[in-house]
Amino acid sequence: PVLCVDTTWDKVIFGFEIVLILFVIYFLVEEAMELCIFRMRYFMDVWNVLDTIIIVQILVGFGISLYRTMTIEGLIVDSEADTDTFTSFENIAFYEMIYNDNAAICLFLTWMKVFKFINVTKTMRYFSTTLSRCCKDILSFSLMFLIVFFAFAQLGQLLFGTVNRDFSSFLDSTYTLFRIILGDFDFLALERARNLLGPIFFISYIFLVFFILLNMFLAIINDTYSAVKVELDSEVQVTEFGEYVKRRITGLFRCCKKSKVVEERDEDDPEKAPAEIVLPEEAMRARSDDEDSVDSMFEDSENRPAGRNLRTQETMSSYPPWDMQSNA
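Quick caveat, the model's predicted, so the values are computed rather than measured.

Even after reading the chapter, I still don't get the overall build of the chain, so can you show me in this structure?
Assigned secondary structure in the chain consists of 13 helices and zero strands. The helix and strand sequence of the chain, counted from the amino end, reads α-α-α-α-α-α-α-α-α-α-α-α-α. A separation of at least 24 residues holds for 63% of the contacts in the chain among residues at least 6 apart in sequence. Carbon and sulfur atoms form 65% of the exposed surface of the chain, whose accessible area is close to 25300 Å².

Written as structure tokens, this is what we have:
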């Protein structure tokens, strides 16, 4: 935080920090209410977990910045009071490094959260849906890739570790293999280290990892993207971001206009009853015909003879005795 506001730029930074503090307080209250309502189900959503991590990082940054500012002021006072004693700022430098790392990660996660708000566009729906659909396939592929990759990393360490610095340890070997995937390699160094096994190691690694595994990874994403594109294009309508914002703003103004008209009507005649709905002449004629047909139906049922639907005694006597019970 900027505790000493001297220049105009310091005032601008201080204003932004005040806005940030207000936003943090608002989101703290909101996330706390959602956590009380949903409890552990709150963490089932990835975006909620991301919000929690960002809030925690901001609070940690506030604490480190406040501690750093207060400690520096104390060290400066002590150094001015005793000019013969060396004042070490090593502890402050360590916390400054942690603060910068924390701010960098927090900024990165905040930018990732933008995907949540622009997911209403068709292109972003393609991207997010493709990643969610192919997540399981990518995890299965990653397991297979790591098995092959670590096998080549240990092989390179054992073959070239004593003569080539790039393969001197397992960690250096993994870095070197990643560089080979990106096209940064030294084939002559491998050939000088092992005349026969060096070229065989390089060619087999390029064939398995670059030509097979990497293309399998691209095929998984490509197939999933094609299926998602066909599915989303078959929908009736996909709301674009501009249309979404325009519709929300138009609906807001329309609601405000309607509420204003209702308030003016109530102020003019508050005791006026709601207006009666007036039907057209054809609708009134059809409605009266329906009512007449219903009344005639009930009159026919009242004037119908009582024994119209019952069998007479003579008809009953014509049935055999064993069939009298069933036909009664």
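And the narrative resumes.
How should I be thinking about the nonpolar core in this particular structure?
Inside soluble globular proteins, nonpolar side chains tend to come together where they are buried. Grouped together as the largest cluster of nonpolar side chains are 22 residues, with contacts concentrated most on Phe145, Phe160, Leu177 and Tyr205. For this core, the secondary structure elements donating two or more residues are helix 6 (135-160), helix 7 (170-181), helix 8 (187-193) and helix 9 (197-233). Tallying contributions element by element places helix 6 first for this core, with eight residues. Apart from residues lying up to four places away in sequence, Leu177 is in contact with Phe149, Phe152, Ala153, Phe167, Phe201 and Tyr205.

Just to check I follow, could you spell out the side chain of Arg68 for this structure?
Topologically, Arg68 is positioned in helix 2 (residues 46-81). Residue classification places Arg68 among the buried positions, given a relative accessible area of 15%. Among the polar contacts made by the side chain of Arg68, one reaches the side chain of Ser65 at a distance of 3.2 Å. In terms of polar contacts, Arg68 uses its side chain to reach the side chain of Glu96, at 2.3 Å. Those residues in contact with Arg68, other than ones at most four positions away along the chain, are Ile92, Glu96 and Tyr99.

Cut-offs applied
- Residues numbered from 1 in each chain as written.
- Predicted model: local features only at pLDDT ≥ 70, side-chain atom pairs only at ≥ 80, totals over all residues.
- Heavy atoms only, no water.
- Helix = DSSP H or I, 4+ residues; strand = E, 2+ residues; numbered from the N terminus.
- Contact = heavy atoms within 4.5 Å.
- Areas by Shrake-Rupley, 256 points an atom, 1.4 Å probe, with all protein chains shown as cover.
- Core = buried A, V, L, I, M, F, W, Y, C linked by side-chain atoms within 4.5 Å.
- Buried < 20%, exposed > 50% of the residue type's maximum accessible area, 1.4 Å probe, protein only.
- Polar contact = N/O pair within 3.5 Å; in protein donor to acceptor, adjacent residues only side chain to side chain.

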